[in-house]
Amino acid sequence: MNESRKEFMREAIRLSIESVQKGGGPFGAVIVKDGKIIAGSANSVTIDNDPTAHAEVNAIRKASKILKTFDLSGCEIYTSCEPCPMCFGAIYWAHIDAIYYGNTKQDAKAIGFDDAFIYQELETPKNKRKIKAIPFLRDEAIISFELWDKNENRTDY
């Protein structure tokens, strides 16, 4: 493995260790473009009282601001742990080219971070999921979709 990649991963790992020392979760991530770290962050769920403040999401938010784009094509993410379903989705929405990770989801499960239930819920019929999902006022909600579909000046993403 290329030495630069090792350094990028070591930075993600450093951020994860620093996070634990500061009272945060044991996760860190960096976004790399053209061989340089653009942004890095740790998990700040408990620090910020934000359940979406995972290291990968925080790093994506920072990189997007720095690069002034929501499209992170041409970037790679180095994360101290295999991404959870939310982060995995965010990485795909950001169009990141590659994911490098240290710990596995089995390693995370061993210390209490088990996301298997989310994957199971996605495979469960909607009417049997633990959190109810109830269609409501679709006839009113569809208006924004119709406007979007007809908007010739929209920015697709």
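Residue numbers here run from 1 along each chain, matching the order of that chain's written sequence. A pLDDT threshold of at least 70 governs which residues receive local features in this predicted model, and a stricter bar of 80 or more applies before side-chain atom pairs are shown or counted, although totals over entire chains, interfaces and linings include all residues. Excluded from the side-chain calculations are hydrogens and water; all other atoms, namely the structure's heavy atoms, are used.

Trainee: What is the right way to look at the overall build of the protein in this model?
Mentor: Along the protein, the regular secondary structure elements total seven helices and four strands. Walking the protein from its N terminus toward its C terminus, one meets helices and strands in the order α-β-β-α-α-β-α-β-α-α-α. Dimensions of the protein along its principal axes, counting C-alpha atoms only, are 55 × 40 × 30 Å. When accessible area is computed with a 1.4 Å probe and restricted to protein chains, residues below 20% of their type maximum are described as buried, those above 50% as exposed, and intermediate ones as partly exposed. Buried positions account for 30% of the 157 residues belonging to the protein. Within the protein, counting contacts between residues at least 6 apart in sequence, those at least 24 apart form 48% of the total. Computed with a 1.4 Å probe, the accessible areas rest on the Shrake-Rupley method; for each residue, only the protein chains presented here act as cover. Split by element, the accessible area of the protein, about 10800 Å² in all, is 56% carbon and sulfur. Within the protein, the 23 negative side-chain charges are centred at a point lying 2 Å from the centre of the 21 positive side-chain charges. Only DSSP runs of H or I reaching four residues or more are called helices, and only runs of E reaching two or more are called strands; each is numbered from the N terminus. Only heavy atoms matter for contacts: two residues are in contact if any of them lie within 4.5 Å across the pair. Note on charges: Lys and Arg go in the positive column, Asp and Glu in the negative column, and His and the chain ends are not counted at all. By convention, charge coordinates are those of NZ in Lys, CZ in Arg, CG in Asp, or CD in Glu.

Trainee: Sorry if this is basic, but what is going on with the sheet that holds strand β4 (residues 98-103) here?
Mentor: Read from one edge of the open sheet, four strands run β2-β1-β3-β4, paired in mixed fashion. Each edge of the open sheet carries a strand with a single partner, namely β2 (36-42) and β4. Neighbouring strand axes in the sheet, compared pairwise and without regard to direction, differ in orientation by 15° on average. The pairing of strand β3 (residues 75-81) with β4 spans five bridges and is parallel. Along β4, the bridge assignment pairs Glu76 with Ala98. Angular values range over 0 to 180 degrees, each being the angle between N-to-C directions of two axes fitted as lines to C-alpha atoms, with helices fitted over their stretch in contact. Across the sheet, helix α3 (residues 55-67) lies against β1 (28-33), β2 and β3, angled at about 140° from β2, the strand it touches most. A pair of strands is labelled paired if DSSP reports no fewer than 2 bridges between them.

Trainee: Help me understand a nonpolar patch on the surface in this model?
Mentor: Nonpolar side chains collect at one region of the surface, where Phe70, Trp93, Trp148 and Tyr157 lie side by side and expose about 560 Å² of accessible area between them. The residue Trp93 is located in helix α4 (residues 85-93) in this model. Overall, the relative accessible area of 62% leaves Trp93 in the exposed class. Only residues whose relative accessible area exceeds 30% and that form no salt bridge enter a patch; like-charged residues are grouped when within 9 Å of one another, and nonpolar side chains (Val, Leu, Ile, Met, Phe, Trp, Tyr) when within 5 Å. For this document, the term salt bridge refers to a Lys or Arg side-chain nitrogen within 4 Å of an Asp or Glu carboxyl oxygen.

Trainee: I'm lost on the environment of Asn43 in this one. Help?
Mentor: Here Asn43 is to be found in the loop between β2 and α2 (45-48). Assessed through its relative accessible area of 8%, Asn43 is described here as buried. Along the primary structure Asn43 and His95 are separated by 52 residues, whereas in three dimensions their C-alpha atoms are 21 Å apart. Those residues in contact with Asn43 that lie beyond four places of it in its chain are Ser19, Gly24, Gly25, Phe27, Ala53, His54, Ala55 and Asn58. Only 3.1 Å separates the side chain of Asn43 from the backbone nitrogen of Val45, close enough to count as a polar contact. Two N or O atoms count as a polar contact when they lie within 3.5 Å, although within protein this holds only if one can serve as hydrogen donor and the other as acceptor, and sequence-adjacent residues are included solely when both atoms are side-chain atoms.

Trainee: Would you take a moment to explain the environment of Lys62 for this structure?
Mentor: Examined against the element boundaries, Lys62 turns out to sit in helix α3. The partly exposed category is assigned to Lys62, whose relative accessible area is 39%. With 32 residues separating them in the primary sequence, Lys62 and Val30 have C-alpha atoms 9.8 Å apart. Apart from the residues within four sequence positions on either side, Lys62 is in contact with Ala39, Gly40 and Ser41.

Trainee: Help me out: how do you make sense of the packing of aromatic side chains in this one?
Mentor: Where two aromatic rings form a pair, the distance of their centres and the angle of their planes describe that pair. Pairing of aromatic rings covers Phe, Tyr and Trp, the last counted by its six-membered ring, and requires centre-to-centre distances within 6.5 Å; plane angles under 30 degrees mean stacked, over 60 mean edge-to-face, and any other angle means tilted. Tallied over the full model, the rule gives six aromatic pairs. For the pair Phe27 and Phe113, a centre-to-centre distance of 4.9 Å together with 85° between the ring planes defines the contact as edge-to-face. Of this pair, Phe27 sits in the loop between α1 (3-21) and β1 while Phe113 sits in the loop between α5 (105-110) and α6 (116-123), and the two are 86 residues apart along the sequence. Under the relative-accessibility criterion, Phe27 is labelled buried at 14%. The partly exposed category is assigned to Phe113, whose relative accessible area is 39%. Relative to Tyr157, the ring of Phe70 lies with its centre 5.9 Å away and its plane at 70°, an arrangement referred to as edge-to-face. On the criterion of sequence distance, the pair formed by Phe70 in the loop between α3 and β3 and Tyr157 in the segment after α7 (138-150) is long-range, its members being 87 residues apart.

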